[in-house]
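Working through the structure, step by step
Below are the chains, spelled out letter by letter.
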Amino acid sequence: MLANAVFTVGVVLVVAGVVGWIVAGILNRGGSRGAVPQPGEIWWATVPYRDGEGEKRRPALVLAGDGRSYTILKITSQDKSHRHDHIEIPTRTWDRRATYNSFLDLSAPFQLNRLDFANRAGVVDPATWQRVAQQHRVGMPLPAGRSTPSPAIRVLSTLAFVAGLFAICAGTVAPWVNGFRDEMATAARGDMPLYDAGRTASDQGSSGRAYDSTLNGVHFADSTGFWVGCEGKPSAVTFALDGKFKRFTGTAGLDAVTPKDVVVKLVVEVDGKDAATVSVSRTASAPLDVDVTAARTLTLSALRMKGTCGNATRPYGAVGDALLHQS
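Let me sum up the structure you'll find in this document.

Analysis parameters
Residues numbered from 1 in each chain as written. Predicted model: local features only at pLDDT ≥ 70, side-chain atom pairs only at ≥ 80, totals over all residues. Heavy atoms only, no water. Helix = DSSP H or I, 4+ residues; strand = E, 2+ residues; numbered from the N terminus. Contact = heavy atoms within 4.5 Å. Areas by Shrake-Rupley, 256 points an atom, 1.4 Å probe, with all protein chains shown as cover. Salt bridge = Lys/Arg side-chain N within 4 Å of Asp/Glu carboxyl O. Buried < 20%, exposed > 50% of the residue type's maximum accessible area, 1.4 Å probe, protein only. Pairing = 2+ DSSP bridges. Axes fitted to C-alpha atoms, helices over the stretch in contact; angles between N-to-C directions. Core = buried A, V, L, I, M, F, W, Y, C linked by side-chain atoms within 4.5 Å. Phe/Tyr/Trp six-rings, centres within 6.5 Å; stacked < 30°, edge-to-face > 60°. Disulfide = S-S within 2.5 Å.

Observations regarding the overall build of the chain
- For the chain, the count of helices and strands is 4 helices and 18 strands.
- Looking at the chain alone, contacts between residues at least 24 apart form 74% of all its contacts between residues at least 6 apart.
- Carbon and sulfur atoms make up 56% of the accessible area of the chain, which totals about 17,300 Å².

Thoughts on the pattern of salt bridges
- One pass over the structure, following the stated rule, counts 7 salt bridges.
- The salt bridge involving Asp66 is made with Arg68; its shortest N-O contact spans 3.6 Å.
- Across the pair Arg247 and Asp289 runs a salt bridge whose closest N-O atoms are separated by 2.9 Å. Placement of Arg247 in strand S13 (residues 247-254) and of Asp289 in strand S16 (residues 286-291) is noted, with a sequence separation of 42 residues between them.
- Assessed through its relative accessible area of 31%, Arg247 is described here as partly exposed.

Brief notes about the sheet that holds strand S15 (residues 273-280)
- Sheet architecture is open: 5 strands sit in the order S9-S12-S17-S14-S15, paired in antiparallel fashion. Strand pairing shows two members of the sheet lacking a second neighbour, strand S9 (199-202) and S15, which therefore form its edges. Going from strand to strand, the sheet's axes swing by 15 degrees on average, the running direction of each strand aside.
- In this sheet, strand S17 (residues 297-306) lies alongside strand S14 (residues 263-270) in antiparallel orientation, the contact comprising 8 bridges. Within the sheet, the bridge partner assigned to Lys265 lies in S17 and is Leu303.

Focus: the pairing of strand S18 (residues 317-325)
- Judged by how many residues are buried, S18 sits mostly within the fold: 7 of 9 residues are covered.
- Direction of pairing for strand S8 (residues 191-193) relative to S18: antiparallel, over a ladder of 3 bridges. Within S18, the position partnered with Asp191 by the bridge is His325.
- Two elements, S13 and S18, share 7 bridges in a ladder whose sense is antiparallel. Each bridged residue has a counterpart across the sheet, and for Thr251 the counterpart in S18 is Gly320.

Side note on the nonpolar core
- One finds Phe248, Val292, Leu298 and Leu300 to be the most contacted residues of the largest nonpolar core, which totals 32 residues.
- Elements with a minimum of two residues in this core: strand S12 (235-240), S13, S14, S15, S16, S17 and S18.
- A per-element tally of this core places S14 first, with 4 residues.
- Excluding its chain neighbours within four sequence positions, the residues that come into contact with Leu298 are Leu194, Val237, Thr238, Phe239, Leu241, Phe248, Val268, Glu269 and Val292.
- Membership of the second largest hydrophobic core comes to 12 residues, among which are Leu63, Trp94, Leu106 and Val132.

Re the packing of aromatic side chains
- Under the definition given, this model contains 2 aromatic pairs.
- Here Trp43 and Phe117 contribute two aromatic rings whose centre-to-centre distance is 6.0 Å and whose plane-to-plane angle is 90 degrees, an arrangement assigned as edge-to-face. Here Phe117 lies in strand S7 (residues 117-123) and Trp43 lies in strand S1 (residues 41-48), a separation of 74 residues in the sequence. The pair formed by Trp43 and Phe117 is uniform in burial state, with each residue classed as buried.

A closer look at unusual backbone geometry
- Even without glycine at this site, Asp271 takes up a positive phi of about 50 degrees.
- Under the relative-accessibility criterion, Asp271 is labelled partly exposed at 39%.
- Even without being glycine, Ala294 reaches a positive phi, approximately 65 degrees.
- Note that Ala294 resides in the loop between S16 and S17.

Here's the deal with the state of the cysteines
- Enumeration according to the criterion identifies 1 disulfide in this entry.
- Two residues share a disulfide in this structure: Cys230 and Cys309, whose sulfurs sit 2.0 Å from each other. Because the sign of the S-S torsion sets the handedness, a value of about -75 degrees for the bond joining Cys230 and Cys309 places this disulfide among the left-handed ones. Placement of the pair is Cys230 in the loop between strand S11 (218-226) and S12 and Cys309 in the loop between S17 and S18, with a sequence separation of 79 residues.
- Residue class for Cys309 comes out partly exposed when judged on its relative accessible area of 23%.

None of this, on its own, says anything about what the molecule does.
Have a look at this one:
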């Protein structure tokens, strides 16, 4: 009886905590973790294209805002060093995975509303902010009360949720919770990003490394890049699997930096034998699910089939969420 009562109380507290967080989110008008974009911050946001046709999720620098509408400058990963209206900014100050700098478009601000913002990335460096302030009108940070309109509700909801979990564990489901936690931990240890596998050979030094890519309009923050052979010979990168994995999965495509007319044939080889072949472009990605049971090596081989390549500072190709699975 006591165990059932404790379990029931735990469920009530957990539900109360969840409801409290929902109410706090509504009071915060859909804000991301209670935060409101502030001038000088970099946020991931949905930004329309300049010609008005379509939009893209990209990092943006907040210039000013009133909690409902905001003025921003867009940030691009494409090399814009030849443009006078773009400046290079250090990316690693707000994106620790970045391997190269980004470019801030100073030419014209965009107007966004609060719901266009997804999550905060970081803060722009002081030197860049000073230069931006010389060319554009920038605002002052909103009062602290505006950024967290419901702190008491969030604190109480969190306490209720945590207390509910403890009560449930103390009741009748502790063994199930512990077993589920162990299974999740084992599953997490069983997957590994492809770029973390040792590279045994590569036609290009940066092929097979971690990248942030956008494939067919879908953003993949965790990708493995690969160079494309544009001179009639495939470009390849080989990873050592050492028989540790059973499946390789991901989404293959060409990043937004690729010329629009380029079409690429990507071949996945397992121990030197073709295991999968897909055709990809900027507007066509392809899922990959390859059996690598007991395999020693995995090779990505990419060859341009159509279109004209240009000068590139990073690989055209990428496999979004490229994972090696042990089960």
